[in-house]
Amino acid sequence: MNLSVSKASVHAFYADAIPRGRNTAENLQAVTSERFNTLLESIGDETPRTALDLGYGAGTYTIALARAGFRVVAVDQIASDSLLHRVDGAADWARLIDPRECLAENFAIDEDFGVIVAKDVLHYLASHDVESLLTSAVAHARGANYHYLEVFTGITRRSADGQLLRIEGEADYSPDSFRHVVERIYDGWDLTLLWSEHAEQDRRTGRNCFEATRATVIAANRAARSETGGMP
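Here the structure is a predicted model, which means the values were calculated and not measured. (Residues numbered from 1 in each chain as written. Predicted model: local features only at pLDDT ≥ 70, side-chain atom pairs only at ≥ 80, totals over all residues. Heavy atoms only, no water.)

A.B. asks: Residue-level account of the overall build of the chain, with values.
C.D. replies: Along the backbone of the chain there are seven helices and nine strands. Taking 232 residues into account, the globule formula puts the C-alpha radius of gyration at 17 Å, and the chain, at 18 Å, falls close to it. With the C-alpha coordinates of the chain rotated into their principal frame, the extents come out at 60 × 45 × 30 Å. Put simply, the chain has 232 residues, and 48% of those count as buried. Total accessible area on the chain stands at roughly 11,300 Å², and carbon and sulfur atoms take up 48% of it. Put simply, the chain has 23 plus and 34 minus side-chain charges, and the middle of one group is 3 Å from the middle of the other. (Helix = DSSP H or I, 4+ residues; strand = E, 2+ residues; numbered from the N terminus. Rg over C-alpha atoms; globule rule 2.2 N^0.38 Å. Buried < 20%, exposed > 50% of the residue type's maximum accessible area, 1.4 Å probe, protein only. Areas by Shrake-Rupley, 256 points an atom, 1.4 Å probe, with all protein chains shown as cover. Lys, Arg positive; Asp, Glu negative; His and termini not counted. Charge placed at Lys NZ, Arg CZ, Asp CG, Glu CD.)

Have a look at this one:
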């Protein structure tokens with residue numbers, strides 16, 4: 001039987017860890033991934049210069065997008081002080097960052113974002129909230145849009161004494177169920193879906209406290225590029 005962990009306790013953990021600069025087990029302070037860097041470098045001028053970073057955490061992906069010239073709406077449930085402090089005194093690109101204090105599932109996607117990033121946040125949401133967010137993002141895509149998602153599936157969590165844990169209301173996708181959701185929502189998009197095994201250790205016991213299959217989704221709205229005269 002799984003022990004239930006409240007979402008409020010998860011929110012409280014990150015609200016404490018991120019402003020203090022604590023590098024949690026999932027390595028919040030890590031640099032942007034090579035896959036994301038390659039995607040960002042490939043984006044052409046036909047893509048709207050607007051971006052959304054859902055669950056920006058330490059702000060690394062938000063900063064990368066702003067440095068690349070995107071106006072970034074950065075959404076997280078934590079206060080924006082730590083992000084603003086991190087970019088304080090930076091060059092003009094820092095002015096492109098628009099932080100919003102909001103739970104990811106409560107953010108209404110009602111504009112055409114050229115790039116959307118959601119890294120290591122969607123698995124915490126209920127499945128209907130995940131699918132509502134992604135469906136809305138696709139519905140508002142008008143240009144040559146790109147979505148970059150990293151989502152944990154097939155999750156196993158354990159407490160320090162080995163008990164199985166589950167966060168209340170989380171999506172709990174298996175790799176197959178998440179793949180079906182992504183393929184349905186991104187129908188007609190150029191879709192790349194990559195898988196990798198992921199584990200995190202409890203620093204006190206040295207045993208794995210978190211195991212999952214990480215899905216990396218790179219979705220490109222190629223149909224829109226064709227309509228604007230870009231590469232088919």
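A.B. asks: Lay out the pattern of salt bridges with the relevant residues and their values.
C.D. replies: A complete count under the given rule lists 13 salt bridges for this structure. Ionic pairing is found between Asp-172 and Arg-166, a salt bridge with its closest N-O pair at 3.7 Å. Between Asp-176 and Arg-179 there is a salt bridge whose closest N-O contact spans 3.6 Å. With Asp-176 and Arg-179 both in helix H6 (residues 175–185) and three residues apart, the pair spans about one turn of that helix. Owing to a relative accessible area of 26%, Arg-179 belongs among the partly exposed residues under this scheme. (Salt bridge = Lys/Arg side-chain N within 4 Å of Asp/Glu carboxyl O.)

A.B. asks: Tell me about the pairing of strand E5 (residues 115–119), and please be specific about residues and values.
C.D. replies: Across a regular strand the side chains alternate sides, sitting on one face of the sheet and then on the other. Among the five residues of E5, four are classified as buried, and the element is accordingly described as predominantly covered. Here strand E2 (residues 50–54) pairs with E5 via four bridges, running parallel. Looking at the pairing, Leu-54 lines up with Ala-118 of E5. (Pairing = 2+ DSSP bridges.)

A.B. asks: Could you give me a rundown of the layout of surface pockets, with the residues and numbers involved?
C.D. replies: Quantified by volume, the second largest pocket comes out at close to 180 Å³. Taken together, eleven residues line the second largest pocket, and the ones lying closest to its centre are Leu-39, Ser-42, Tyr-146, Ile-218 and Arg-222. Of all the elements in the fold, those that place two or more residues in the lining of the second largest pocket are helix H2 (34–42), strand E8 (190–201), strand E9 (208–220) and helix H7 (222–227). Looking at the lining of the second largest pocket, the element that brings in the most residues is H2, giving four residues. Of the residues assigned to the lining of the second largest pocket, the class counts are four nonpolar, three polar and four charged. (1 Å grid on protein atoms, 1.4 Å probe; cavity = no way out; pocket = protein on both sides within 12 Å on 5 of 7 lines; lining within 4 Å. Points joined across faces, edges and corners; volume = space filled by probe spheres on them. Nonpolar A, V, L, I, M, F, W, Y, C, P; charged D, E, K, R; others polar.)

A.B. asks: Break down H6 for me, citing the residues and quoting the values.
C.D. replies: Of the residues making up H6, those classed as buried are Phe-178, Val-181, Val-182 and Ile-185. Seen from one end, H6 has its buried residues packed into an arc of 95°, which puts them on one side. Lining the buried residues of H6 we find helix H5 (127–139), strand E6 (146–158), E8 and E9. (Arc of directions from axis to C-beta. Contact = heavy atoms within 4.5 Å.)

A.B. asks: An account of the packing of aromatic side chains is requested, with residue identities and associated values reported.
C.D. replies: The final tally for this structure, using the stated rule, is eight aromatic pairs. Ring geometry for Phe-152 against Phe-210: centres 5.1 Å apart, planes inclined by 70°, an arrangement best described as edge-to-face. Placement of Phe-152 in strand E6 and of Phe-210 in strand E9 is noted, with a sequence separation of 58 residues between them. Look at Phe-152 and you get buried, because its relative accessible area is 4%. Put simply, the rings of Phe-13, Tyr-14 and Tyr-124 pair up and form one aromatic cluster. Its end group placed over the ring of Phe-70, Arg-49 keeps NZ or CZ at 4.0 Å from the ring centre. (Phe/Tyr/Trp six-rings, centres within 6.5 Å; stacked < 30°, edge-to-face > 60°. Lys NZ or Arg CZ within 6 Å of the ring centre and 35° of its normal.)

A.B. asks: Give a detailed account of the environment of Arg-71, specifying residues and quantitative values.
C.D. replies: With respect to the element layout, Arg-71 can be found in strand E3 (residues 71–76). The contact partners of Arg-71, leaving out residues within four places of it in the chain, are Arg-49, Thr-50, Ala-51, Leu-96 and Glu-111. One polar contact links Arg-71 to Glu-111, side chain to side chain, over a distance of 3.0 Å. (Polar contact = N/O pair within 3.5 Å; in protein donor to acceptor, adjacent residues only side chain to side chain.)

A.B. asks: I'd like a rundown of the pairing of E9, residues and numbers included.
C.D. replies: Counting buried residues in E9 gives eleven out of 13 residues, a clear majority hidden from the surface. Inspection of the sheet shows E6 paired to E9 by ten bridges, in the antiparallel sense. What sits directly across from Tyr-148, in E9, is Ile-218. Note: E8 against E9, twelve bridges, orientation antiparallel. When the bridges of E9 are listed, Ala-199 appears paired with Glu-211. The hairpin turn running from E8 into E9, its antiparallel successor, is six residues long, and Gly-206 in that turn takes a positive phi close to 80°.

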